Amino acid sequence: MIAENTQTQMRKGILEYCVLSIISRGEIYASDIIAELRTAKLLVVEGTLYPLLTRLKNNGLLSYNWVESTSGPPRKYYTLTEVGKSILSQLDQTWQELAYAVGVSQKGANS
């Protein structure tokens, strides 16, 4: 039970970083973001993703473009802004530092 709670918190903690990373590869639709997160076993529902996308947009990290769809209503495609790219770069650095720290702590525990 404790491990499951910790795993859930870890996933929540990196969700924003993962979303920014996915969007950094190019214009993307929200359902495609959800599909990628599910593939990565970061199970996400629309009720989690849409508020996150709105917050990122309101903070100036994302922009979106409406694209007409042949199979329904127009779709909102997201891209990173210059500020979003800068924040993602900072998060990349933080991730590398954290991964290094975890690696070092695991080596110390195994010695």
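Whatever comes next refers back to the structure up there.
First, a word on what this report is: a plain description of the structure on this page. Remember, predicted model here, so these are calculated numbers, not experimental data.

## Considering the nonpolar core
Part 1 of the reasoning: Core analysis: the largest hydrophobic core is formed by 23 residues, its most contacted members being Val19, Ile23, Ile33, Leu37, Leu49, Leu53 and Leu62.
Part 2 of the reasoning: Mapped by element, the contributors of at least two residues to this core are α1 (2-24), α2 (30-39), α3 (46-58) and β3 (72-80).
Part 3 of the reasoning: The greatest single-element share of this core, amounting to 7 residues, is contributed by α1.
Part 4 of the reasoning: When neighbours within four sequence positions are excluded, Leu62 is seen to be in contact with Leu20, Ile23, Leu53, Leu56, Lys57, Tyr78, Thr79, Leu80 and Thr81.

## Digging into α2
Part 1 of the reasoning: Listed in full, the buried residues belonging to α2 are Ala30, Ile33, Ile34 and Leu37. Angularly, the buried residues of α2 cover 100° about the axis, an arc narrow enough to put them on a single face.
Part 2 of the reasoning: Among the structural elements, α1, β1 (28-29), α3 and β3 are those in contact with the buried residues of α2.
Part 3 of the reasoning: Phi turns positive one or two residues past the end of α2, at Lys41, with a value near 65°.

## Quick notes on the pairing of strand β2 (residues 62-69)
Part 1 of the reasoning: Across 7 bridges, the pairing between β2 and β3 is antiparallel. Across the sheet, Ser69 pairs through a bridge with Gly72, a residue of β3.
Part 2 of the reasoning: The hairpin formed by β2 and β3 contains 2 residues between the paired strands.

## Focus: the environment of Glu36
Part 1 of the reasoning: By the secondary structure assignment, Glu36 is in helix α2.
Part 2 of the reasoning: Taking the relative accessible area as the measure of exposure, Glu36 reaches 29% and is therefore partly exposed.
Part 3 of the reasoning: Beyond its immediate sequence surroundings of up to four residues, Glu36 is in contact with Ile22, Arg25 and Ile28.
Part 4 of the reasoning: Side chain to side chain, Glu36 and Arg25 meet in a polar contact 2.8 Å long.

## Comments concerning the pairing of β3
Part 1 of the reasoning: Pairing of β1 with β3, which is carried by 2 bridges, proceeds in the antiparallel orientation. From the neighbouring strand, Tyr29 faces β3, where its bridge partner is Tyr77.

## Quick look at the side chain of Thr81
Part 1 of the reasoning: Relative to the helices and strands, Thr81 is located in the loop between β3 and α4 (82-110).
Part 2 of the reasoning: Note on Thr81: relative accessible area 18%, which makes it buried.
Part 3 of the reasoning: In terms of polar contacts, Thr81 uses its side chain to reach the backbone carbonyl oxygen of Gly60, at 2.5 Å.
Part 4 of the reasoning: Discounting chain neighbours no more than four positions away, the residues touching Thr81 are Gly60, Leu61, Leu62 and Ser63.

Rules used throughout
- Residues numbered from 1 in each chain as written.
- Predicted model: local features only at pLDDT ≥ 70, side-chain atom pairs only at ≥ 80, totals over all residues.
- Heavy atoms only, no water.
- Core = buried A, V, L, I, M, F, W, Y, C linked by side-chain atoms within 4.5 Å.
- Buried < 20%, exposed > 50% of the residue type's maximum accessible area, 1.4 Å probe, protein only.
- Helix = DSSP H or I, 4+ residues; strand = E, 2+ residues; numbered from the N terminus.
- Contact = heavy atoms within 4.5 Å.
- Arc of directions from axis to C-beta.
- Pairing = 2+ DSSP bridges.
- Polar contact = N/O pair within 3.5 Å; in protein donor to acceptor, adjacent residues only side chain to side chain.

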